[in-house]
Amino acid sequence: MKPLLPLTDPSQPDLNSYSETDRLIARICRDPRDIPFVFLTLKITVFMIPLAILMYLPSITGIAWWLTALAYFVVNNFVFKGPFGLMLHCTSHRVLFSKKYGMLNHYLPWFIGPFFGQTPKTYYSHHIGMHHPENNLPDDISTTMPFRRDSLRGFLAYFTDFFFLVVIRLAAYFKRHDRKKLMLLTISGELFFILLVTGLMFVNWQATVMVFIVPFVLSRVVMMLGNWAQHAFVSGDDPGNAYKNSITCINTKYNHKCWNDGYHISHHVKPSMHWTEHPQHFSENIQEYINHKAIVFDGIHFLHVWVYLMRGRYDLLAKNFVNLGNHFQDDTEVITFLKSRTQKIIHSPLDLSTLK
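Because the structure is a prediction, the values reported are computed rather than measured. (Residues numbered from 1 in each chain as written. Predicted model: local features only at pLDDT ≥ 70, side-chain atom pairs only at ≥ 80, totals over all residues. Heavy atoms only, no water.)

J.: Looking at this model, I keep getting lost on the side chain of N227. Mind explaining?
T.: With respect to the element layout, N227 can be found in helix 8 (residues 205-230). Assessed through its relative accessible area of 7%, N227 is described here as buried. Within the structure, N227 has its side chain in polar contact with the backbone oxygen of S142 (distance 3.1 Å). (Helix = DSSP H or I, 4+ residues; strand = E, 2+ residues; numbered from the N terminus. Buried < 20%, exposed > 50% of the residue type's maximum accessible area, 1.4 Å probe, protein only. Polar contact = N/O pair within 3.5 Å; in protein donor to acceptor, adjacent residues only side chain to side chain.)

J.: Got a minute to help me understand unusual backbone geometry in this structure?
T.: Across the chain, the bulk of peptide bonds are trans and the bulk of non-glycine residues have phi less than zero. Within the chain, N135 stands out as a residue other than glycine whose phi angle is a positive 55°. Structurally, N135 can be placed in the loop between helix 5 (122-134) and helix 6 (152-176). You can call N135 buried: its relative accessible area is 12%. Backbone geometry at W259 places phi at a positive 60°, although glycine is not the residue there. One can find W259 in the loop between helix 10 (253-257) and helix 11 (264-269).

J.: Is there a simple way to explain the layout of surface pockets in this structure?
T.: As a volume, the largest pocket reaches approximately 1100 Å³. Lining the largest pocket we find 44 residues, and of these G82, L86, V222, M223 and Y254 sit closest to its centre. Elements supplying a minimum of two residues to the lining of the largest pocket: helix 3 (62-93), helix 5, helix 6, helix 7 (180-203), helix 8, helix 10 and helix 14 (302-310). Of the residues forming the lining of the largest pocket, the biggest block, eleven residues, is contributed by helix 3. A per-class count over the lining of the largest pocket returns 21 nonpolar, 18 polar and five charged. Its volume calculated, the second largest pocket comes out at about 450 Å³. Taken together, 22 residues form the lining of the second largest pocket, with V95, N105, P109, K121 and Y124 sitting closest to its centre. (1 Å grid on protein atoms, 1.4 Å probe; cavity = no way out; pocket = protein on both sides within 12 Å on 5 of 7 lines; lining within 4 Å. Points joined across faces, edges and corners; volume = space filled by probe spheres on them. Nonpolar A, V, L, I, M, F, W, Y, C, P; charged D, E, K, R; others polar.)

Coordinates in, geometry out; function isn't part of it.
Okay, here's the thing in structure tokens:
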């Protein structure tokens, strides 16, 4: 166990310290605190997209093609994938560009997104239109509740269902709830990606596999891995309580790279909260975390949580567990508590009305 240590995660910037370039870019942003998103978008456009284009050029062959493909794979998946994915997450909740420059808000989901395996607008539809309203409860098509969340077999079943059926289930969800616009966005985004990839396969199938298909598969693996870890510890008695169905990871480099994504409890408490506000909100509302026995880890992030669960390493989870309110005497008590939160939770249809 760990005591609550001072937070080192990114907090609100001092707008007075912005350079002239920052202030110039801020004019087109809806919120000046999102200037880093513009710089990240420019870096992806300048450094990664040209590598993708090079792989389609007939003059690039042999070892030169494979070196370009390797560079693209590394830059896409190990440099930009995490920051881009969480930038897409943040800008789905709060649009990046101001109303005057609103057309620019299509650039990330429709142009950049497919290079990271993000089919246009399906992430928005799933996350904003379905996941947050349903809050990991039974009507959430990506709920973790019916699975043993410390089981690799359980995760594989969860991932397989999502990978092959997510679009069908999501479209059906929106149809049931009479949300035709989101249903059409889901279907059109997925079809756009399928048609794009199919067409480019006839141009250069090797480049298409590397540029679009590999990132697509990896992206969906990472998204489901992340959602599994974020909602791995759920209270069967109160599964609709964000303090009891989500976790928070503090003081980790991941929060610096991925826009404080570790603060998943406060994200479900206030989904539209700006990413720079989470550490302050956590500090100001620490008593709520204590009252609900919220699960907070220090120094690790969601990938660690997932790996430790798959390996059954509750000892490592307990080692990084923050003992808020001193509810637990030792790691043994923490392990017992954590294990109680990873069991299957099955509710009959008659119970569903009590969960929201």
